[in-house]
Amino acid sequence: MMYGQIALKLIIGLISLLTVTRLLGKKTLSEITPFDLIYTLVLGGILEESIYDKKVNVGHLLFAVVLWGIMIYLIESIVQKNDKVNKLLKGKASVLVFEGNLNLDEINKNHIEMEQLRSMMRKQNCFSLKKAKYVILEVDGSISVMEQAEESNELSYLVVDESRVQMNTLESIGTDEIWLMNRLKEAGNQSIDVIVYAEWTPKQGVYVKTYEQSKQKQILLED
């Protein structure tokens, strides 16, 4: 009898997960928003707790799954019809780089570190901040990059991250802090404290963004 209950619960669970997938629409994994992920995680938790718990019968499981499914359907219906609720629950895109300048407020608001931003850009075949004209953090956590006029695809090295000299990077390229300070002075920057971001490439040299340059008003892609 117990094996029959487990099998029935598993069948119900599979059908439920397939139903939720259909409710979320045809999305790739990268397009699933954090809110969509909550749907499936909570449903997975319900199924996990109920499968081997003798106190939870098939009726209890059906009730929980049906109620959760109705809630998902109602929320998705409201979200599709109401832009304000959509943005409240699922968020909106953030502009991280605007016309070549870092938007530090949005970067900090989304808890993104400079090296993390660089890693995300590299996945879009943009290997230097100098090449980026616009960088947009989408609702699903991916980024979109529009590049400046064609530059050489040269790998860059992060040498200053929010006023902190990256000593390990300097060592990896065979140089030191004195060399870096000289390069920064040549670029017109006397103090490390004013620099939020600096990268170095063998052909292009240093590329610097200061805190002052990285102050941006909030930029909205839609109302």
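Just above sits the structure.
Since the model is a prediction, treat every value here as computed from it, not as a measurement.

Caption draft 1: Layout of the side chain of K209. The residue K209 is located in strand β8 (residues 205-210) in this model. One buried charged residue, K209, remains without a salt bridge, the closest side chain of opposite sign being E99 at 10.0 Å. A polar atom in the side chain of K209 sits 3.4 Å from the backbone oxygen of G100. Among residues more than four places away in sequence, those in contact with K209 are G100, N101, L102, L129, I195, V196, Y197 and S214.

Caption draft 2: How the structure looks around the environment of G13. The topology assignment puts G13 in helix α1 (residues 2-24). C-alpha of G13 to C-alpha of L43: the two residues are 30 residues apart in sequence and 8.6 Å apart in space.

Caption draft 3: Representation of the environment of Q166. You can see Q166 is positioned in the loop between β6 (164-165) and α7 (167-172). Considered as a pair, Q166 and E177 are 11 residues apart in the sequence and their alpha carbons are 8.9 Å apart. In contact with Q166, not counting residues within four places along its chain, are L158, V159, V160 and D161.

About the criteria used
Residues numbered from 1 in each chain as written. Predicted model: local features only at pLDDT ≥ 70, side-chain atom pairs only at ≥ 80, totals over all residues. Heavy atoms only, no water. Helix = DSSP H or I, 4+ residues; strand = E, 2+ residues; numbered from the N terminus. Buried < 20%, exposed > 50% of the residue type's maximum accessible area, 1.4 Å probe, protein only. Lys, Arg positive; Asp, Glu negative; His and termini not counted. Salt bridge = Lys/Arg side-chain N within 4 Å of Asp/Glu carboxyl O. Polar contact = N/O pair within 3.5 Å; in protein donor to acceptor, adjacent residues only side chain to side chain. Contact = heavy atoms within 4.5 Å.

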